[in-house]
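Summary of structural features
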Amino acid sequence: GENVEQHPSTLSVQEGDSAVIKCTYSDSASNYFPWYKQELGKRPQLIIDIRSNVGEKKDQRIAVTLNKTAKHFSLHITETQPEDSAVYFCAANGNDYKLSFGAGTTVTVRA
Amino acid sequence: DSGVTQTPKHLITATGQRVTLRCSPRSGDLSVYWYQQSLDQGLQFLIQYYNGEERAKGNILERFSAQQFPDLHSELNLSSLELGDSALYFCASSVEQENTEAFFGQGTRLTVV
């Protein structure tokens, strides 16, 4: 099955700076890579996703890049704001239907 | 609101007991996933159903079982509960069985005492 590793586990950034979270996956058949944001006490919510037929996708201050050869993908948050503080999870779908998640990155944006 | 409904929101029970968690997926979604999130932990995949059939299984204990009914709602049964089973259990649903966004419910917080 798919194995997703995520780094770093915690990330503290100054407001206005950028944050980068990296994930690697094991199953070369994976073709869908979503990113979820989980605020304290709430459910995970999709913030952006990318499919294997593209290398980069942007949505305002959020971007995701995918390198299928190296089997890694990254989330980039620019101009961070206090409301970006949360736990972020990457995921990959594998070839066995299940969506496997990374362990999560706790992002803290310092005012 | 994601459209995924989980009941109950909170559950406190004693060790050795059995509980059932319920999930109603978004209207039109055929796929249901169950995840376990222990304190300060990531999302651990338990099991997935698609249109009533089991499609994928994760590290689900033998004491746990699940099913998806003809009306597409799903139940997760946890038996012989142990203290370590205390966690937040999320259900998620999606339209297709892969390659599409999964919408999460609010979760059921299970506390075993």
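Higher on the page you've got the structure.
Bear in mind that the values here come from a model prediction, so they are computed numbers and not experimental data.

By convention, interface size is frequently given as the accessible area that disappears when the constituent parts associate. Counting residues at the interface gives 17 residues for chain A and 24 residues for chain B. On the surface where chain A and chain B come into contact, there are zero salt bridges. Our count for the contact surface shared by chain A and chain B stands at five residue pairs in polar contact (both at pLDDT 80 or more). Mapped onto the side of chain A that touches chain B, the elements with two or more residues apiece are strand 4 (32-38) and strand 5 (45-51) of chain A.

Turning our attention to the sheet that holds strand 7 (residues 64-68) of chain B. Residues and elements named next belong to chain B. Reading across from one edge, 1-3-8-7 is the order of the four strands in this open sheet, with antiparallel pairing throughout. Strands with a single pairing partner mark the edges of an open sheet, and in this sheet they are strand 1 (5-7) and strand 7. Taking the axes of each pair of neighbouring strands and ignoring which way they run, one obtains an average angle of 15° across the sheet. Pairing between strand 3 (residues 19-24) and strand 8 (residues 74-78): five bridges, direction antiparallel. Its bridge partner being in strand 8, Leu21 is matched across the sheet by Leu76.

Attention now goes to the pattern of salt bridges. Residues and elements named next belong to chain A. Counted according to the given criterion, the structure contains nine salt bridges over all chains. Lys37 is the salt-bridge partner of Glu39, the closest N and O atoms lying 3.5 Å from each other. The exposure class of Glu39 is partly exposed, given its relative accessible area of 32%. Between Arg51 and Asp49 there is a salt bridge whose closest N-O contact spans 4.0 Å. Since its relative accessible area comes to 30%, Arg51 is described here as partly exposed. Each of the salt bridges in this network shares a partner with another, and the network as a whole consists of Lys37, Glu39 and Lys42.

Another point: the pairing of strand 4 of chain A. The two faces of a sheet get side chains in turn, since along a regular strand they alternate between them. Residue and element names in this part refer to chain A. Of all the seven residues making up strand 4, seven are buried; the element is thus mostly covered by neighbouring parts of the structure. Summarising the sheet, strand 4 and strand 5 pair through six bridges and their orientation is antiparallel. Bridge assignment links Phe33 to a residue of strand 5, and that residue is Ile50. Taking the residues that link successive antiparallel strands as the turn, the strand 4-strand 5 hairpin has six residues, and the phi of Gly41 there is positive, at about 75°. Sheet topology note: the strand 4/strand 9 (residues 86-92) ladder contains four bridges and is antiparallel. The partner of Trp35 across the bridge, within strand 9, is Cys90.

Cut-offs and rules
- In every chain, residue numbers begin from 1 and rise along the written sequence.
- Chains carry letters from A onward and ligands carry numbers from 1 onward, assigned in written order.
- Confidence filtering applies because this is a predicted model: local features only for residues at pLDDT of at least 70, side-chain atom pairs given and counted only at 80 or more, and all residues used for totals across whole chains, interfaces and linings.
- Excluding hydrogens and water, the side-chain values take into account all heavy atoms of the structure.
- Contacts: residue pairs with any heavy atoms within 4.5 Å of one another.
- For this analysis, a salt bridge means a side-chain nitrogen from Lys or Arg found within 4 Å of a carboxyl oxygen belonging to Asp or Glu.
- Two N or O atoms count as a polar contact when they lie within 3.5 Å, although within protein this holds only if one can serve as hydrogen donor and the other as acceptor, and sequence-adjacent residues are included solely when both atoms are side-chain atoms.
- Each helix is a run of H or I in the DSSP string that is no shorter than four residues. Each strand is a run of E no shorter than two, and both are numbered from the N terminus.
- Any two strands with at least two DSSP bridges between them are considered paired.
- Where helices are involved, their axes are fitted lines through C-alpha atoms of the stretch in contact, as for all axes, and angles between N-to-C directions lie from 0 to 180°.
- Here's how the labels work: a residue is buried when its accessible area is under 20% of the maximum for its type, exposed when over 50%, partly exposed in between, all with a 1.4 Å probe on protein chains only.

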